[in-house]
Amino acid sequence: GAVVSQHPSRVICKSGTSVKIECRSLDFQATTMFWYRQFPKQSLMLMATSNEGSKATYEQGVEKDKFLINHASLTLSTLTVTSAHPEDSSFYICSARTRRWNTEAFFGQGTRLTVV
Amino acid sequence: GENVEQHPSTLSVQEGDSAVIKCTYSDSASNYFPWYKQELGKRPQLIIDIRSNVGEKKDQRIAVTLNKTAKHFSLHITETQPEDSAVYFCAARTSLGQNFVFGPGTRLSVLP
(Lines give C-alpha, C1' and ligand atoms only; values in the text may rest on other atoms or scores of the structure.)
Protein backbone atom coordinates (compact mmCIF):
# COMPACT_ATOMS: atom_id res chain seq x y z
CA GLY A 1 0.00 0.00 0.00
CA ALA A 2 0.89 3.62 -0.32
CA VAL A 3 2.50 5.67 2.46
CA VAL A 4 1.31 9.02 3.67
CA SER A 5 3.52 10.94 6.06
CA GLN A 6 2.09 13.67 8.27
CA HIS A 7 4.09 16.09 10.38
CA PRO A 8 4.30 17.11 13.08
CA SER A 9 2.74 14.31 15.09
CA ARG A 10 2.27 16.60 18.08
CA VAL A 11 2.38 20.35 18.44
CA ILE A 12 1.67 22.72 21.27
CA CYS A 13 1.22 26.36 20.42
CA LYS A 14 0.17 29.55 22.12
CA SER A 15 -3.23 31.03 21.53
CA GLY A 16 -3.17 33.47 18.62
CA THR A 17 -0.32 31.84 16.73
CA SER A 18 -0.54 29.82 13.52
CA VAL A 19 0.41 26.19 13.02
CA LYS A 20 1.19 24.43 9.77
CA ILE A 21 0.63 20.71 9.32
CA GLU A 22 2.14 18.88 6.37
CA CYS A 23 0.84 15.82 4.61
CA ARG A 24 3.08 14.09 2.09
CA SER A 25 2.49 11.11 -0.14
CA LEU A 26 5.84 9.33 -0.21
CA ASP A 27 5.58 6.84 -3.04
CA PHE A 28 2.63 7.95 -5.10
CA GLN A 29 0.99 11.00 -6.54
CA ALA A 30 -1.97 12.10 -4.49
CA THR A 31 -4.51 13.57 -6.83
CA THR A 32 -6.85 14.27 -3.95
CA MET A 33 -6.18 14.93 -0.30
CA PHE A 34 -8.68 15.09 2.51
CA TRP A 35 -8.31 16.78 5.87
CA TYR A 36 -10.22 15.47 8.85
CA ARG A 37 -10.66 16.55 12.41
CA GLN A 38 -11.24 14.00 15.11
CA PHE A 39 -12.43 14.84 18.60
CA PRO A 40 -11.75 12.41 21.45
CA LYS A 41 -13.76 9.23 21.11
CA GLN A 42 -15.51 10.57 18.04
CA SER A 43 -15.48 9.90 14.36
CA LEU A 44 -13.52 11.50 11.56
CA MET A 45 -15.17 14.72 10.45
CA LEU A 46 -14.23 15.85 6.97
CA MET A 47 -13.03 19.44 6.94
CA ALA A 48 -12.05 19.91 3.31
CA THR A 49 -11.11 18.21 0.09
CA SER A 50 -8.28 19.46 -2.05
CA ASN A 51 -7.24 18.58 -5.54
CA GLU A 52 -3.74 19.40 -6.72
CA GLY A 53 -3.52 22.83 -8.22
CA SER A 54 -7.00 23.96 -7.31
CA LYS A 55 -8.70 25.54 -4.34
CA ALA A 56 -9.89 23.34 -1.55
CA THR A 57 -13.55 22.57 -1.12
CA TYR A 58 -14.59 23.13 2.47
CA GLU A 59 -17.36 21.37 4.30
CA GLN A 60 -20.19 23.37 5.72
CA GLY A 61 -19.26 25.05 8.96
CA VAL A 62 -15.51 24.97 8.37
CA GLU A 63 -13.97 28.44 8.22
CA LYS A 64 -11.87 28.84 5.11
CA ASP A 65 -9.88 31.73 6.50
CA LYS A 66 -9.06 29.87 9.67
CA PHE A 67 -8.08 26.54 8.16
CA LEU A 68 -5.95 27.32 5.13
CA ILE A 69 -5.31 24.39 2.84
CA ASN A 70 -2.72 24.36 0.12
CA HIS A 71 -2.21 21.48 -2.30
CA ALA A 72 0.52 22.89 -4.48
CA SER A 73 1.98 19.61 -5.67
CA LEU A 74 0.92 16.02 -6.20
CA THR A 75 2.84 14.93 -3.12
CA LEU A 76 2.23 17.68 -0.60
CA SER A 77 -0.75 19.29 1.04
CA THR A 78 -0.63 21.61 4.02
CA LEU A 79 -3.19 22.68 6.58
CA THR A 80 -2.51 25.91 8.43
CA VAL A 81 -4.54 26.67 11.51
CA THR A 82 -4.43 30.45 11.74
CA SER A 83 -4.83 32.43 14.95
CA ALA A 84 -5.31 29.23 16.88
CA HIS A 85 -7.51 29.14 19.94
CA PRO A 86 -7.95 26.46 22.62
CA GLU A 87 -11.11 25.24 20.93
CA ASP A 88 -9.01 24.35 17.89
CA SER A 89 -7.20 21.75 19.95
CA SER A 90 -7.90 18.42 18.30
CA PHE A 91 -6.48 15.54 16.33
CA TYR A 92 -6.08 16.46 12.66
CA ILE A 93 -5.52 13.77 10.10
CA CYS A 94 -5.05 13.79 6.36
CA SER A 95 -5.70 11.14 3.81
CA ALA A 96 -4.72 10.87 0.18
CA ARG A 97 -6.16 9.18 -2.85
CA THR A 98 -4.55 8.36 -6.11
CA ARG A 99 -5.94 7.42 -9.48
CA ARG A 100 -4.09 4.12 -9.33
CA TRP A 101 -5.76 2.99 -6.11
CA ASN A 102 -8.93 4.88 -6.59
CA THR A 103 -10.94 3.34 -3.81
CA GLU A 104 -8.69 3.23 -0.78
CA ALA A 105 -7.82 6.30 1.22
CA PHE A 106 -4.38 6.24 2.81
CA PHE A 107 -4.12 8.09 6.08
CA GLY A 108 -1.32 10.07 7.62
CA GLN A 109 -0.30 9.49 11.21
CA GLY A 110 -2.33 12.42 12.45
CA THR A 111 -1.33 15.56 14.35
CA ARG A 112 -2.34 16.21 17.93
CA LEU A 113 -2.71 19.99 18.23
CA THR A 114 -2.90 21.57 21.67
CA VAL A 115 -3.47 25.30 21.90
CA VAL A 116 -2.66 26.80 25.28
CA GLY B 1 -26.03 13.90 1.45
CA GLU B 2 -24.92 10.58 2.78
CA ASN B 3 -25.47 9.68 6.43
CA VAL B 4 -23.84 6.66 8.01
CA GLU B 5 -24.94 5.22 11.31
CA GLN B 6 -23.04 2.59 13.24
CA HIS B 7 -23.93 0.30 16.12
CA PRO B 8 -22.99 -0.51 18.76
CA SER B 9 -20.83 2.38 19.94
CA THR B 10 -18.99 0.07 22.32
CA LEU B 11 -18.64 -3.69 22.28
CA SER B 12 -16.90 -6.02 24.70
CA VAL B 13 -16.35 -9.67 23.87
CA GLN B 14 -14.40 -12.50 25.38
CA GLU B 15 -11.32 -13.64 23.54
CA GLY B 16 -12.26 -16.27 21.00
CA ASP B 17 -15.83 -15.06 20.60
CA SER B 18 -17.19 -13.31 17.53
CA ALA B 19 -17.89 -9.60 17.16
CA VAL B 20 -20.38 -7.99 14.81
CA ILE B 21 -20.64 -4.30 14.01
CA LYS B 22 -23.46 -2.97 11.87
CA CYS B 23 -23.76 0.14 9.74
CA THR B 24 -26.55 1.70 7.76
CA TYR B 25 -26.30 4.29 5.03
CA SER B 26 -28.82 6.61 3.49
CA ASP B 27 -27.65 7.27 -0.06
CA SER B 28 -28.64 4.46 -2.39
CA ALA B 29 -26.00 5.70 -4.84
CA SER B 30 -23.20 4.68 -2.47
CA ASN B 31 -21.28 1.79 -3.95
CA TYR B 32 -18.12 1.38 -1.92
CA PHE B 33 -17.96 0.48 1.76
CA PRO B 34 -14.63 0.24 3.56
CA TRP B 35 -13.95 -0.63 7.16
CA TYR B 36 -11.11 1.03 9.04
CA LYS B 37 -9.44 0.03 12.30
CA GLN B 38 -7.91 2.75 14.42
CA GLU B 39 -5.77 2.01 17.43
CA LEU B 40 -5.36 4.67 20.07
CA GLY B 41 -3.44 7.67 18.74
CA LYS B 42 -2.74 6.02 15.42
CA ARG B 43 -3.96 6.40 11.89
CA PRO B 44 -6.97 4.48 10.57
CA GLN B 45 -6.00 1.40 8.63
CA LEU B 46 -8.15 -0.25 6.00
CA ILE B 47 -8.99 -3.79 7.04
CA ILE B 48 -11.57 -4.83 4.49
CA ASP B 49 -13.85 -3.29 1.92
CA ILE B 50 -16.76 -4.29 -0.26
CA ARG B 51 -18.30 -2.95 -3.42
CA SER B 52 -21.99 -2.80 -4.11
CA ASN B 53 -21.89 -5.58 -6.70
CA VAL B 54 -20.82 -8.09 -4.05
CA GLY B 55 -22.86 -9.39 -1.14
CA GLU B 56 -20.09 -10.78 1.02
CA LYS B 57 -16.34 -10.71 1.27
CA LYS B 58 -14.06 -12.59 3.61
CA ASP B 59 -10.42 -12.24 4.57
CA GLN B 60 -9.28 -14.78 7.16
CA ARG B 61 -11.05 -13.88 10.43
CA ILE B 62 -12.74 -10.81 9.00
CA ALA B 63 -15.81 -10.72 6.80
CA VAL B 64 -18.14 -8.02 5.56
CA THR B 65 -21.70 -8.46 4.33
CA LEU B 66 -23.74 -5.98 2.35
CA ASN B 67 -27.49 -5.74 1.93
CA LYS B 68 -28.12 -3.12 -0.73
CA THR B 69 -31.87 -3.33 -0.48
CA ALA B 70 -31.84 -2.57 3.22
CA LYS B 71 -28.83 -0.27 2.88
CA HIS B 72 -26.83 -1.83 5.62
CA PHE B 73 -23.50 -3.60 5.89
CA SER B 74 -21.82 -5.42 8.70
CA LEU B 75 -18.34 -6.34 9.87
CA HIS B 76 -17.83 -9.78 11.36
CA ILE B 77 -14.72 -10.72 13.30
CA THR B 78 -14.39 -14.34 14.36
CA GLU B 79 -12.05 -15.86 16.96
CA THR B 80 -11.33 -12.43 18.39
CA GLN B 81 -7.93 -11.72 19.89
CA PRO B 82 -6.79 -8.97 22.28
CA GLU B 83 -5.00 -7.23 19.40
CA ASP B 84 -8.37 -6.77 17.72
CA SER B 85 -9.19 -4.20 20.41
CA ALA B 86 -9.51 -0.83 18.67
CA VAL B 87 -12.05 1.58 17.26
CA TYR B 88 -13.63 0.44 14.04
CA PHE B 89 -15.14 2.85 11.53
CA CYS B 90 -17.37 1.99 8.63
CA ALA B 91 -17.63 4.35 5.70
CA ALA B 92 -19.57 4.83 2.51
CA ARG B 93 -18.80 6.54 -0.73
CA THR B 94 -20.66 7.17 -3.93
CA SER B 95 -19.13 6.89 -7.32
CA LEU B 96 -19.90 10.53 -7.90
CA GLY B 97 -18.45 11.84 -4.67
CA GLN B 98 -14.81 11.74 -3.71
CA ASN B 99 -14.88 11.65 0.05
CA PHE B 100 -15.88 8.96 2.47
CA VAL B 101 -18.61 9.52 5.00
CA PHE B 102 -17.60 7.77 8.18
CA GLY B 103 -19.77 6.20 10.80
CA PRO B 104 -19.33 7.33 14.42
CA GLY B 105 -17.17 4.34 15.28
CA THR B 106 -17.34 1.28 17.52
CA ARG B 107 -14.91 0.76 20.35
CA LEU B 108 -14.21 -2.97 20.50
CA SER B 109 -12.63 -4.46 23.58
CA VAL B 110 -11.53 -8.08 23.52
CA LEU B 111 -11.18 -9.37 27.04
CA PRO B 112 -8.56 -12.04 27.72
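Quick caveat, the model's predicted, so the values are computed rather than measured.

**A short note on the sheet that holds strand E3 (residues 19–25) of chain B**
All names here are of chain B. Spatially, five strands are ordered E1-E3-E8-E7-E6 in an open sheet, and the strand pairing comes out antiparallel. Of all the strands in the sheet, the pair left with one neighbour each is strand E1 (4–7) and strand E6 (56–59). Between one strand axis and the next, the sheet turns through 15 degrees on average, direction left out of account. Both E6 and strand E7 (residues 62–67) contribute to a ladder of four bridges, which runs antiparallel. Within the sheet, the bridge partner assigned to Asp 59 lies in E7 and is Ile 62.

**Quick look at the pattern of salt bridges**
All names here are of chain B. Under the criterion given, the structure shown has six salt bridges over all chains. Measuring nitrogen to oxygen at the nearest pair gives 2.8 Å for the salt bridge that ties Lys 57 to Asp 49. A salt bridge links Arg 61 to Asp 84; its shortest N-O distance comes to 2.9 Å. Residue Arg 61 is found in the loop between E6 and E7, and its partner Asp 84 is found in the loop between strand E8 (72–77) and strand E9 (86–94); the two are separated by 23 residues along the sequence. The class of Asp 84 is buried, set by a relative accessible area of 6%. Connected through salt bridges with shared partners, the residues Lys 37, Glu 39 and Lys 42 form a single ionic network.

Rules behind the numbers
- Residues numbered from 1 in each chain as written.
- Chains lettered and ligands numbered in written order.
- Predicted model: local features only at pLDDT ≥ 70, side-chain atom pairs only at ≥ 80, totals over all residues.
- Heavy atoms only, no water.
- Pairing = 2+ DSSP bridges.
- Helix = DSSP H or I, 4+ residues; strand = E, 2+ residues; numbered from the N terminus.
- Axes fitted to C-alpha atoms, helices over the stretch in contact; angles between N-to-C directions.
- Salt bridge = Lys/Arg side-chain N within 4 Å of Asp/Glu carboxyl O.
- Buried < 20%, exposed > 50% of the residue type's maximum accessible area, 1.4 Å probe, protein only.

Geometry only, nothing functional implied.
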